[in-house]
Amino acid sequence: QVQLVESGGGLVQAGGSLRLSCATSGRTFSTYDMGWFRQAPGKEREFVAAIRGRSIITYYAESVKGRFTISRNNARNTIYLQMNSLKPEDTADYYCAASTNYGSSLDRIEAYSSWGQGTQVTVSS
């Protein structure tokens with residue numbers, strides 16, 4: 001099983017930026033499809049962004065398109081989520097996840113077999 005560790009969360013004012021990182025332990029990281037999800041208090045976990053391992057195609061939730069960017073550094077076994085123009089509604093725990101179910105729909109929680117512990121992001125108004 002792939003181990004995932006998120007970092008980079010914190011408190012930021014609305015309009016600010018944060019960059020989340022997710023370091024993984026897998027030997028074949030470059031082949032993993034990776035995703036970011038978030039869960040706000042009292043709400044279900046929701047898809048934020050994903051990136052394919054083989055094609056590097058990226059996907060975004062409508063709510064973050066144009067503000068968030070997902071990327072990966074295969075040499076460092078790490079993915080990133082650059083978050084700009086943050087809004088109070090972006091406040092949540094952010095989780096990274098790894099999928100080896102190649103070809104699956106990466107906006108679905110069921111596509112992922114490994115999850116990190118999460119990092120908290122708070123955006124103040």
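Scroll up to find the structure.
Residues numbered from 1 in each chain as written. Predicted model: local features only at pLDDT ≥ 70, side-chain atom pairs only at ≥ 80, totals over all residues. Heavy atoms only, no water.

We now examine the overall build of the chain. A count of helices and strands for the chain gives zero helices and 11 strands. Each helix (α) and strand (β) of the chain, taken in turn from the N terminus, gives the series β-β-β-β-β-β-β-β-β-β-β. Expected size for 125 residues packed as a compact globule is a radius of gyration near 14 Å; at 13 Å, the chain falls within 12% of this value. Its C-alpha atoms give the chain principal-axis dimensions of roughly 40 × 25 × 25 Å. Across the 125 residues in the chain, those meeting the buried criterion constitute 46%. (Helix = DSSP H or I, 4+ residues; strand = E, 2+ residues; numbered from the N terminus. Rg over C-alpha atoms; globule rule 2.2 N^0.38 Å. Buried < 20%, exposed > 50% of the residue type's maximum accessible area, 1.4 Å probe, protein only.)

The subject of this paragraph is the state of the cysteines. Here the structure, examined in full by the defined rule, presents one disulfide. Each sulfur in the disulfide pair Cys 22 and Cys 96 lies 1.9 Å from the other. Across the S-S bond linking Cys 22 and Cys 96, the dihedral sits near 50°, which makes this disulfide right-handed. Of this pair, Cys 22 sits in strand β3 (residues 18-24) while Cys 96 sits in strand β9 (residues 92-99), placing them 74 residues apart in sequence. (Disulfide = S-S within 2.5 Å.)

Taken together, four strands build an open sheet; the order of strands is β1-β3-β8-β7 and the sheet is antiparallel. Each of the sheet's edge strands pairs with one partner strand only, and the pair in question is β1 (4-7) and β7 (68-73). Neighbouring strand axes in the sheet, compared pairwise and without regard to direction, differ in orientation by 15° on average. Alignment of β3 against strand β8 (residues 78-83), held across six bridges, turns out to be antiparallel. The residue of β8 that forms the bridge with Ser 21 is Tyr 80. (Pairing = 2+ DSSP bridges. Axes fitted to C-alpha atoms, helices over the stretch in contact; angles between N-to-C directions.)

Met 34, Trp 36, Val 48, Phe 68, Leu 81, Met 83 and Tyr 94 are the most contacted members of the largest nonpolar core, which has 35 residues in total. Residue assignment for this core shows that the elements contributing at least two residues are β3, β4 (33-39), β5 (46-51), β7, β8, β9 and β11 (119-124). (Core = buried A, V, L, I, M, F, W, Y, C linked by side-chain atoms within 4.5 Å.)

With respect to the element layout, Asp 33 can be found in strand β4. The exposure class of Asp 33 is buried, given its relative accessible area of 3%. Engagement of the side chain of Asp 33 in a polar contact is seen with the side chain of Arg 52, the distance being 3.0 Å. Every residue in contact with Asp 33, bar those within four places of it in the chain, is listed here: Ile 51, Arg 52, Gly 53, Ala 97, Ala 98, Ser 99, Tyr 102, Gly 103, Leu 106 and Tyr 112. (Polar contact = N/O pair within 3.5 Å; in protein donor to acceptor, adjacent residues only side chain to side chain. Contact = heavy atoms within 4.5 Å.)

In the structure shown here, the tally under the stated rule is five aromatic pairs. Between Phe 29 and Tyr 32, the ring centres sit 6.3 Å apart and the planes meet at 85°, which makes this aromatic pair edge-to-face. With respect to burial, Phe 29 and Tyr 32 carry one shared label: buried. Measuring from centroid to centroid gives 5.7 Å for Phe 37 and Phe 47, while their planes differ by 75°, and the two rings are edge-to-face. With Phe 37 in strand β4 and Phe 47 in strand β5, this pair connects stretches of sequence that are 10 residues apart. (Phe/Tyr/Trp six-rings, centres within 6.5 Å; stacked < 30°, edge-to-face > 60°.)

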